[in-house]
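A structural walkthrough
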Amino acid sequence: MKKLPISELNAFFARVAADQKLYLPVEQAGQVDFGCWTEDATVRLDALKTVKSAKGAFFPQVEDMLRFHTQGKNIDIQPTELMNEKFVIFGVRACDARAFELLDRVFMSEPQDPFYAARREHGTVVTLACGEPEASCFCTNFDIDPADPAGDVTAWLVGENYVLRANTEKGEALIADLADSDDDVSAKQAEIRAIAEKLPFANLNLNGFDGEHLMERFSDPKWAELSRACLGCGTCTFVCPTCQCYDIRDYDTGHGVQRYRCWDSCMYSDFTLMAHGTNRPTQVERFRQRFMHKLVYFPSNNEGIYGCVGCGRCVDKCPQSLNIVKVIKALGVKADD
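This structure is a prediction, so every number in the text was calculated from the model and none was measured.

1. Examining the side chain of glutamine 244
With respect to the helices and strands, glutamine 244 occurs in the loop between α8 (235-239) and β11 (246-252). The residues contacting glutamine 244, other than those within four sequence positions of it, are Phe59, Leu103, Val106, Phe107 and His293.

Below you can see the structure in the form of structure tokens.
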């Protein structure tokens with residue numbers, strides 16, 4: 001274990017940022033999101049949840065893929081260079097850290113996504129145990145421990161110090177210069193877990209959300225009522241740490257064409273729209289697809305691992321109070337059903 005006093009945080013951040021980019025929760029215009037550290041940044045490690053998740057460090061909202069120029073019949077293609085510089089993302093919570101593992105299953109499986117893989121190779125993740133989980137949190141339903149998050153380094157705030165544990169070689173290299181600590185984090189962990197156990201959504205009924213009940217969940221008539229108020233705004237997908245849908249577009253810069261990819265949403269009416277139309281023409285179908293993927297399709301293909309990490313962002317942000325918790329409560333079945 002290593003020790004980092006709160007009073008020395010900025011000095012530590014400056015040392016890290018001198019060699020590589022450092023991303024962490026910063027406040028801008030009254031909102032906290034992951035951003036690049038600067039000396040005048042308003043760092044908010046006390047904020048439990050950033051507006052958007054930490055997934056943008058490895059799967060950016062917008063990412064250039066290539067540029068090409070045409071001259072007559074000749075085409076000059078200039079692929080975008082892959083990430084080749086190290087960076088650190090500090091202050092990731094347990095839910096977002098688990099989300100990285102889910103995204104790995106999508107982007108690191110064959111054929112591997114080279115853009116994502118390069119970022120994962122060069123990134124070092126420092127997680128931070130949740131000081132006090134909020135009412136909208138429900139990560140424990142998915143076997144996530146907010147008191148002991150994964151990552152290259154795990155940190156706990158104990159009194160006036162951050163206590164850090166290296167979990168990988170990258171993590172050991174990052175905190176090697178810090179002083180050793182003999183602080184015991186077990187009491188802090190017990191405190192966090194006790195809070196998590198008492199949260200309103202701590203014991204959701206996930207029975208029936210599996211491959212064996214796929215058609216029962218798919219055909220449930222409750223989808224129509226659940227989706228009735230959905231605006232199709234896509235807020236839930238853009239704040240979600242595990243959503244991975246994207247679109248690829250070409251933009252004429254006037255000096256050539258720039259191809260880039262950007263986040264997309266299965267809740268949009270033009271999602272996967274092609275010449276023949278789209279295979280989900282109604283909002284009820286799009287709404288069902290989102291939650292069936294999280295709760296049924298993904299676990300069916302990933303050893304029972306759900307596509308949700310219980311961060312609660314959709315609970316907090318949906319303008320119509322439609323979220324995965326409401327779906328689970330409406331469609332869950334009793335163990336003996």
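2. Some words on the pattern of salt bridges
Under the criterion given, the structure shown has 18 salt bridges. Residues glutamate 63 and arginine 119 are paired through a salt bridge, measuring 3.1 Å at the closest nitrogen-oxygen approach. With glutamate 63 in strand β4 (residues 62-71) and arginine 119 in helix α3 (residues 114-122), the pair connects residues that are 56 residues apart, well separated along the chain. Accessibility assignment for this pair places glutamate 63 and arginine 119 in one class, buried. For arginine 261, the salt bridge is made with glutamate 63, and the minimal N-O distance between the two is 3.2 Å. Here glutamate 63 lies in strand β4 and arginine 261 lies in strand β12 (residues 257-263), a separation of 198 residues in the sequence. Looking at glutamate 63, the relative accessible area reads 6%, which means it is buried. Each member of the salt-bridge network shares a partner with another, and the members are Glu63, Asp113, Arg119 and Arg261.

3. Thoughts on the confidence of the model for the protein
When pLDDT is averaged along the protein, the result is 93; 99% of the residues meet or exceed 70. By mean pLDDT, strand β5 (residues 74-79) is the weakest element of the protein at 89, and strand β7 (residues 123-128) is the strongest at 98.

4. As for the packing of helix α9 (residues 283-301) against helix α11 (residues 324-331)
The geometry of a pair of packed helices is captured by two quantities: the angle between their axes and the separation between those axes. Axis separation between α9 and α11 bottoms out at 11 Å; the angle between their running directions is 80°. In terms of orientation, α9 and α11 fall into the roughly perpendicular class. Contacts between α9 and α11 involve Phe287, Phe291, Lys294 and Leu295 on the former and, on the latter, Ile324, Val327 and Ile328. Here the contact of α9 with α11 is composed, by residue class, of six nonpolar, no polar and one charged.

5. Looking at the nonpolar core
Counting 37 residues, the largest nonpolar core has Phe138, Phe209, Trp223, Phe287, Leu295 and Ile324 as the members making the most contacts within it. Within the residue set of this core, elements represented by two or more residues are α2 (94-107), α7 (222-226), α9 and α11. With six residues, α9 is the single largest residue contributor to this core. Each of domain 1 (2-197) and domain 2 (211-331) accounts for three or more of the residues forming this core. Sequence-distant contacts of tryptophan 223, that is, excluding residues within four places in its chain, are made with Arg217, Phe218, Val284, Phe287, Arg288, Phe291, Met292, Val327 and Leu331. Core analysis: the second largest hydrophobic core is formed by 21 residues, Leu22, Val126, Val153 and Leu178 among them.

6. Section: the environment of threonine 127
Considering the arrangement of structural elements, one finds threonine 127 in strand β7. On a C-alpha basis, the gap between threonine 127 and valine 92 in space is 4.3 Å, while along the polypeptide they are 35 residues apart. If near-sequence neighbours (up to four positions away) are discounted, threonine 127 is found in contact with Val92, Ala97, Pro149, Ala150, Gly151, Val153, Thr154 and Ala155.

What counts and what doesn't
- Residues numbered from 1 in each chain as written.
- Predicted model: local features only at pLDDT ≥ 70, side-chain atom pairs only at ≥ 80, totals over all residues.
- Heavy atoms only, no water.
- Helix = DSSP H or I, 4+ residues; strand = E, 2+ residues; numbered from the N terminus.
- Contact = heavy atoms within 4.5 Å.
- Salt bridge = Lys/Arg side-chain N within 4 Å of Asp/Glu carboxyl O.
- Buried < 20%, exposed > 50% of the residue type's maximum accessible area, 1.4 Å probe, protein only.
- pLDDT = per-residue confidence, 0-100.
- Axes fitted to C-alpha atoms, helices over the stretch in contact; angles between N-to-C directions.
- Parallel < 35°, antiparallel > 145°, perpendicular 65-115°, else oblique.
- Nonpolar A, V, L, I, M, F, W, Y, C, P; charged D, E, K, R; others polar.
- Core = buried A, V, L, I, M, F, W, Y, C linked by side-chain atoms within 4.5 Å.
- Domains from an automatic or database assignment.

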